[in-house]
Amino acid sequence: MSDENGTSDTPAGSSGPGTPGGPRPEPLRFFGTTWVEHDDGYRARRAAVAAGSLLAAAGSCLVLRFAYEGLALAAVGGFVTLLVVAMFAICTALAFRHTWSGFTERPDPDRQASLRGLLAIGFVGSLLAYFLRSLTEAPGEELHRREYEAARARHDRRSTRRTGDPSKKRRRS
């Protein structure tokens, strides 16, 4: 373990000292590696994540309601209010879609960086996507399981041994 941040010195997907050979599963936020075998309180964690993300989304909507009331008190006009509401609605929908697709495929880092502001504005959509995904599985479990099983299959193919002694192999003439 690294003393600085409490993370393992060996990267995920590789085997470290004292662990059996082969790839290791990549931990998920809030779940660690319990998603592999669905053990160690996996269902309780999923329920807690679902409740927490729904509660955070509801609290966020309350904050957005206060912002809307602030616009009404400031009497900025109907056009500005409409623009702000449309901006939050569009950004929320885009953030939901981006977050939802991120659970099944790795996002492009450059695109992720360029969408950072949009995702920050549409944070309610990300929270709702997290809530809906946690009703069926740990968010990101499908992607990580697919990658882990592919890594296990590659490792098993590489580590299978040939039978017999290759020096006694008959030569073709």
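Quantities reported herein were computed from a predicted structural model and do not represent experimental measurements.

Caption draft 1: Structural detail: the overall build of the chain. Along the chain, the regular secondary structure elements total six helices and zero strands. Looking at the chain as a whole, 27% of its 173 residues qualify as buried. At a minimum sequence separation of 6, the contacts of the chain that also span at least 24 residues come to 65%. When the accessible surface of the chain is split by element, carbon and sulfur atoms take 59% of a total near 12,100 Å².

Caption draft 2: Looking closely at the environment of alanine 67. Position of alanine 67 among the secondary structure elements: in helix 1 (residues 42-74). For alanine 67, a relative accessible area of 41% gives the class partly exposed. When the C-alpha atoms of alanine 67 and valine 84 are compared, they prove to be 9.8 Å apart, with 17 residues separating the residues in sequence.

Caption draft 3: Layout of the pattern of salt bridges. This model, assessed by the stated rule, comprises nine salt bridges. Measuring nitrogen to oxygen at the nearest pair gives 2.7 Å for the salt bridge that ties glutamate 147 to arginine 106. A residue pair is termed long-range when its members are at least 10 positions apart, and glutamate 147 in helix 6 (residues 141-159) and arginine 106 in the loop between helix 2 (78-102) and helix 3 (109-114) qualify at 41 residues. The salt bridge involving aspartate 156 is made with arginine 152; its shortest N-O contact spans 3.9 Å. Separated by four residues within a single helix, aspartate 156 and arginine 152 lie in helix 6, roughly one turn from each other. Residue class for aspartate 156 comes out partly exposed when judged on its relative accessible area of 37%. Where salt bridges share partners, they join Arg133, Glu137, Glu142 and Arg146 into one cluster.

Caption draft 4: The arrangement of the nonpolar core in detail. Counting eleven residues, the largest nonpolar core consists of Leu28, Phe31, Trp35, Val36, Tyr42, Val49, Phe103, Ala129, Tyr130, Ala138 and Tyr148. Elements supplying a minimum of two residues to this core: helix 1 and helix 5 (123-134). Non-local contacts of alanine 138, meaning those with residues more than four positions away in its chain, are made with Leu28, Phe31, Tyr42 and Arg46.

Cut-offs applied
- Here the residue numbering is sequential within each chain, running from 1 through the sequence in written order.
- For a predicted model such as this one, the threshold for reporting local features is a pLDDT of at least 70, and the threshold for listing and counting side-chain atom pairs is 80 or more; totals across whole chains, interfaces and linings nevertheless cover every residue.
- Each side-chain value is derived from all of the structure's non-hydrogen atoms; neither hydrogens nor water enter the calculation.
- Each helix is a run of H or I in the DSSP string that is no shorter than four residues. Each strand is a run of E no shorter than two, and both are numbered from the N terminus.
- Think of it in three bands: residues with accessible area under 20% of the maximum for their type are buried, residues over 50% are exposed, and the middle band is partly exposed, with areas taken using a 1.4 Å probe on protein chains only.
- Contacts are assigned to residue pairs with any non-hydrogen atoms lying within 4.5 Å of each other.
- Accessible areas in this description were obtained via Shrake-Rupley with a 1.4 Å probe; residue shielding takes into account the shown protein chains only.
- A pairing counts as a salt bridge when a side-chain nitrogen of Lys or Arg comes within 4 Å of a carboxyl oxygen of Asp or Glu.
- Here, the term nonpolar core denotes a set of buried Ala, Val, Leu, Ile, Met, Phe, Trp, Tyr and Cys residues that are joined through side-chain atoms within 4.5 Å.

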